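A closer look at the structure
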Amino acid sequence: MLSDQFGRKVNYLRVSVTDRCNLRCRYCIPAEGVSLKKHEDLLSFEEIETIVRAGVGLGINKVRLTGGEPLLRKGFSELVKKLAAIEGLEDLALTTNGILLGAMAWELKKTGIKRVNVSLDTLRPERFNRMTGSDQWQQAKEGFETVLAAGFEQVKLNVVVIAGYNDDEIDDFVEYIMVKKAQLRFIEFMPVGNHHWKNEMVLPSKGIIERINQKHHIVSLPPLKNSIVEEYQIVGSPATVGFISPMSHSFCHGCNRLRLTADGFLKPCLASKYEVNIKVPVRAGHAGNELRRVFYEAMRLKPKAHKMDQGFSDNTRHMAEVGG
Ligand code: SAM
C-alpha cells in the first residue's frame, strides 16, 4: 500500500491521457493559449498501462481518465480496454466535457468504464460560447443525457461555480438535475494553473447551499468513505447535489490520490509544483517493482496540505495538463 509521511494511504490515480482539449474554458486554459506537447512526448497507451499496473501492484484500485479532453485521444477505447483488463483495478472512471460522448457513450459502456463525470458549467448556449470559445453546448448537454441513458454505474454532472460567471444558474442546475433524476456536483473555483482566478470569484459551498435552500430543500447525507464530496438529497426527488470544497474545507488530511500527467510525471498534489518523472524509467523498459521507487518518491513529496484557501498554488502546469 502507498502511504506518505503523514500516514495517508493512496489508492486513487488520476490519469491525464492528453493535454489537448476541444474547449478553451477561460478559467481553465490561459488566454494567451498553451504550448501543447508533441505526440511523442505523451505517454503511449502501453506506457500508461505499464504505469497503472505498477500502481495497482502498490494498492491503487481506482483510476480516473481525464485530460485535456480524454475522448480526443485517438483510440481511447483501446486504452480503456487495456486498463479494464488489469486485475486488481476495481474502478475505472472518466471525466469529460461530454462533447464527444453522444457518439462514444455506448461503446465506452462496453469497454469497462463504470463511472462518468461530465463537466458542464452553464445551461445557456450563448454563455457556453463565451466561457468556452465553442458553440458545442448542445453536444455537451446531449453527451451527458446519452451517458445517463446508457446505464453506467454512476453519472455525475460537474459544475465549477464562478461568481459573476455562472452563479446565477445554481437553481437552474438543481431543477435540471431533478428532471433528470441524477447527480449534480458543485465545485469551488481553484487558483490552479491560471491567471484568471481572483478570491472574489470563489463562491464557497456554504453560500451555494444557503442559496439552494431558499427555493428547494436539501438535506445532508451521511459521508461516504474516502470521499471528498459533501452529498445532499434534494427533498422530494431522487436527485442529489454534492459539493467539492477545496477552498473552504481543507480535505487534504483524507487525500488518497496521485496524478499522472499526459507527458509522464507523477504529481502528488494538484496545487504543488512537485512532480516525479516516470516516463524516463518506463521508456527505459522498467515495469512493476522497478517503477515502485518513482511512486514512493511521489509519495515522499506529497505535501501535508495545500494553501489554495490563501490563493496559493505553485503548480506551474495548467489544469488541462494535470486533469483537474
Ligand atoms: N476535459 C475534461 C472535462 O472537461 O471534464 C477533463 C479535464 S478538466 C481540466 C477537469 C475538470 O477540471 C473540469 O470539470 C473543469 O471544470 C475543472 N477545472 C478546471 N479548472 C478549474 C479550476 N481552476 N477550479 C476548479 N475546477 C477546475
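Before reading on, note that the structure itself is shown above.
Residues numbered from 1 in each chain as written. Predicted model: local features only at pLDDT ≥ 70, side-chain atom pairs only at ≥ 80, totals over all residues. Heavy atoms only, no water.

Another aspect to go through is the site of the ligand. Around the ligand sit 18 residues in total, of which Tyr 27, Gly 68, Glu 69, Ser 119 and Met 190 are the nearest. Within the side chain of Tyr 27, an N or O atom sits 2.6 Å from an oxygen atom of the ligand. Between Gly 68 and the ligand, the recorded distance is 2.9 Å, taken from a backbone N or O atom to a nitrogen atom. Split into classes, the residues belonging to the shell around the ligand amount to six nonpolar, ten polar and two charged. (Near = heavy atom within 4 Å. Polar contact = N/O pair within 3.5 Å; in protein donor to acceptor, adjacent residues only side chain to side chain. Nonpolar A, V, L, I, M, F, W, Y, C, P; charged D, E, K, R; others polar.)

Structurally, Asp 19 can be placed in the loop between β3 (12-16) and α1 (45-57). Among the polar contacts made by the side chain of Asp 19, one reaches the side chain of Arg 20 at a distance of 3.0 Å. A distance of 2.9 Å separates a polar atom in the side chain of Asp 19 from the backbone nitrogen of Lys 37. Look past the residues within four positions of Asp 19 in its chain and what remains in contact with it is Leu 36, Lys 37, Leu 42, Gly 68, Ala 262, Ala 320 and Glu 321. (Helix = DSSP H or I, 4+ residues; strand = E, 2+ residues; numbered from the N terminus. Contact = heavy atoms within 4.5 Å.)

To continue, consider the sheet that holds strand β7 (residues 154-161). The sheet built from twelve strands is open, its strands ordered β9-β10-β11-β8-β7-β6-β5-β4-β3-β12-β13-β14 with mixed pairing. Strand pairing shows two members of the sheet lacking a second neighbour, β9 (218-220) and β14 (276-277), which therefore form its edges. Examined bridge by bridge, strand β5 (residues 91-96) and strand β6 (residues 115-119) share four bridges and lie parallel to one another. Bridge assignment links Thr 95 to a residue of β6, and that residue is Asn 117. Packing of helix α5 (residues 137-150) onto the sheet brings it into contact with β6 and β7, and relative to β7 it is tilted by some 150°. Strand contacts of helix α6 (residues 170-180): β7, β8 (183-188), β10 (229-234) and β11 (240-244), with the helix running at about 155° to β8, the strand carrying the most contacts. (Pairing = 2+ DSSP bridges. Axes fitted to C-alpha atoms, helices over the stretch in contact; angles between N-to-C directions.)

All right, on to the environment of Phe 251 then. Here Phe 251 shows up in the loop between β11 and β12 (257-260). Taking the C-alpha atoms as reference, Phe 251 lies 18 Å from Leu 2; in sequence the two are 249 residues apart. Beyond its immediate sequence surroundings of up to four residues, Phe 251 is in contact with Ile 228, Ile 244, Ser 245 and Pro 246.

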